[in-house]
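# Commentary on secondary and tertiary structure
Read off the chains here:
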Amino acid sequence: MAAPLKLKRSGAPEREAEIVAITDSIVTARIDGEEVSASLTSLTDGSAMLAIGDRRYHVSGTKRGNSILVAAAAMSAEYQVVETRRGSRHGGLASPTIDAPMPGTVLKILVTEGARAEAGDPLIVLEAMKTETTLSAESAAFIKRIHVQVGQRIDHGATLIELGPVPEP
């Protein structure tokens with residue numbers, strides 16, 4: 001992961017979370033200043049099992065604009081992405097994946113693996129309820145992997161395209 005992802009939950013109680021590292025199936029986060037490591041196992045429906053010590057939680061989440069919606073057991077919350085300084089040559093991706101905001105069908109894939117995309121470039125077109133939705137890059141990136149094919153039905157939250165940081169010259 002190029003740079004930590006900082007999140008803030010408003011409401012009662014207000015919480016701050018920072019995803020410090022993700023390696024294989026281990027996630028390290030700093031929650032209200034306390035560092036926590038957990039194992040994360042992806043499930044076929046796009047959700048995951050999160051294990052912290054001997055406790056296990058069924059979790060799911062989706063990105064919506066500049067926020068991430070998270071559900072874990074009976075808790076649900078919306079976290080806002082805390083803006084980091086722009087203009088750094090070492091800045092990371094705004095988001096490492098393009099995920100389906102709704103269930104639907106892949107109509108067009110507008111990029112190829114290994115290609116470079118700039119912020120705002122259209123990447124993929126979905127159809128849901130007879131409406132076309134174009135998903136675009138949020139920051140400069142290269143297309144690491146395309147997980148879907150044209151005509152494929154996808155579920156809400158499914159990873160469509162995996163992005164990587166643009167290599168420095």
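Criteria and cut-off values
- Residues numbered from 1 in each chain as written.
- Predicted model: local features only at pLDDT ≥ 70, side-chain atom pairs only at ≥ 80, totals over all residues.
- Heavy atoms only, no water.
- Pairing = 2+ DSSP bridges.
- Helix = DSSP H or I, 4+ residues; strand = E, 2+ residues; numbered from the N terminus.
- Buried < 20%, exposed > 50% of the residue type's maximum accessible area, 1.4 Å probe, protein only.
- Contact = heavy atoms within 4.5 Å.
- Core = buried A, V, L, I, M, F, W, Y, C linked by side-chain atoms within 4.5 Å.

## Some thoughts on the sheet that holds strand β14 (residues 141-146)
Strands in a sheet are paired, the pairing made by backbone hydrogen bonds, and the direction either parallel or antiparallel. One open sheet holds the four strands; their spatial order is β9-β16-β14-β11, and the pairing between them is antiparallel. Looking at which strands have only one partner, the edges of the open sheet turn out to be β9 (97-99) and β11 (116-117). Pairing of β14 with strand β16 (residues 159-164), which is carried by four bridges, proceeds in the antiparallel orientation. Looking at the pairing, F142 lines up with G164 of β16.

## A look at the environment of I26
Take I26: it is sitting in strand β3 (residues 26-31). Since its relative accessible area comes to 37%, I26 is described here as partly exposed. Taking the C-alpha atoms as reference points, I26 and S37, separated by eleven residues in sequence, lie 6.8 Å from one another. If we skip the residues at most four places from it in the chain, I26 touches A21, A38 and S39.

## With respect to the nonpolar core
I98, L123, I124, I143, L160 and I161 are the most contacted members of the largest nonpolar core, which totals 18 residues. Mapped by element, the contributors of at least two residues to this core are β12 (122-128), β14 and β16. Aside from chain neighbours lying at most four places away, what touches I143 is V111, T112, E113, G114, A115, A117, L123, I161, E162 and L163. With five residues, the next largest nonpolar core counts A38, A48, L50 and V59 among its residues.

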